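Working through the structure, step by step
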Amino acid sequence: MTSTPGVTDAPASVPGHLGSLLRHFGDLRDGLHGDQGTRQGKERLFVTAVELLGPYAEQALREVNEHLLRNTGEIRASGVRRTPDGGVAATWALTWPEQRVTEIDPITIRAHYGGGFHHPHLSGATVGEWPLNVFDAGQAAAELPLLRAIVAADLHNLVFQRDFRIVPATVAEGGPLRPGAVLNPRTKGLPV
C-alpha cells in the first residue's frame with residue numbers, strides 16, 4: 001500500500017480516532033480508499049477491514065453481554081455479503097431475550113460500502129455514520145473505542161425505544177419496580 005504521511009499512516013502523536021479521520025479526509029482529497037481507486041480494489045480492502053475489525057467488534061459486544069445483559073445474549077456475525085444496491089456489508093449483532101420479545105433491533109455494528117459510496121463506513125442499528133478506514137491490525141485495534149461507543153449509543157437508543165427493562169442488569173431479580181422508576185409511556189406494559 002502506498003503510504004502518505006498523515007493519511008494512510010498517521011503520525012504516532014495523533015490519537016487513533018483522529019488518524020482514522022485523517023485517512024478518511026485523505027481518501028476524499030485523493031479520490032482513493034487506501035491505495036485503491038477502483039471499486040474492485042476498494043471492496044478487497046473492505047473485506048480485509050471486516051476481517052481485521054471482527055475480533056474488536058465482537059469484544060465490544062461481549063462486554064455489553066457480560067456486564068449489562070448477564071450473559072443472556074448471542075453474538076451473530078454475518079460475514080461480508082452483497083447488498084441490494086450493489087454494495088457490500090457485514091454486521092455483528094447482539095441479540096438477547098428482552099430485545100427479541102419487544103421486537104426491537106439488536107445492538108449492531110455494521111460495516112458497509114454502499115453501491116454509490118466513495119468508501120466504506122461503520123454504523124449501528126440506530127446510530128452512524130463513521131468512516132471505515134482500517135488497513136492494518138493496529139488501525140483495527142485503534143477502532144475499539146469507537147466500536148464501544150457505537151454499541152453503547154445503540155443500547156441507549158434501544159432503551160429509549162422501549163425502556164430500561166430490556167437491560168437485565170438494571171432489573172432487580174424477581175422484584176417489583178422501585179417507586180419512581182421511569183418507564184417509557186409508550187411501553188408501560190412491556191412484557192419482560
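Small disclaimer: the values here were computed from a predicted structure and weren't measured.

Attention now moves to the environment of Gly 124. Structurally, the position occupied by Gly 124 is in strand E5 (residues 121–124). Classification of Gly 124 as buried rests on a relative accessible area of 12%. Remark: the alpha-carbon pair of Gly 124 and Arg 110, spanning 14 residues in sequence, is separated by 5.7 Å.

The subject of this paragraph is the pattern of salt bridges. Enumeration over the complete set of coordinates arrives at six salt bridges. For Arg 29, the salt bridge goes to Asp 30, with nearest N and O atoms at 2.6 Å. For Arg 29, a relative accessible area of 54% gives the class exposed. Given a relative accessible area of 36%, Asp 30 falls into the partly exposed group. Notably, a salt bridge pairs Arg 165 with Asp 163, separated by 3.0 Å at the nearest N-O pair. For the residue pair Arg 165 and Asp 163, the accessibility class agrees, reading buried in each case. Several salt bridges converge on common partners, so that one network encompasses Arg 39, Glu 43 and Arg 82.

What follows concerns the packing of aromatic side chains. Think of a pair of aromatic rings as described by two things: how far the centres are apart, and how the planes are tilted against each other in angle. According to the stated counting rule, one finds zero aromatic pairs in the structure shown. Across the ring face of Tyr 113, the terminal group of Arg 39 is positioned such that the distance to the ring centre comes to 3.5 Å.

Thresholds, definitions, all that
Residues numbered from 1 in each chain as written. Predicted model: local features only at pLDDT ≥ 70, side-chain atom pairs only at ≥ 80, totals over all residues. Heavy atoms only, no water. Helix = DSSP H or I, 4+ residues; strand = E, 2+ residues; numbered from the N terminus. Buried < 20%, exposed > 50% of the residue type's maximum accessible area, 1.4 Å probe, protein only. Salt bridge = Lys/Arg side-chain N within 4 Å of Asp/Glu carboxyl O. Phe/Tyr/Trp six-rings, centres within 6.5 Å; stacked < 30°, edge-to-face > 60°. Lys NZ or Arg CZ within 6 Å of the ring centre and 35° of its normal.

Worth remembering: the numbers are spatial, not functional.
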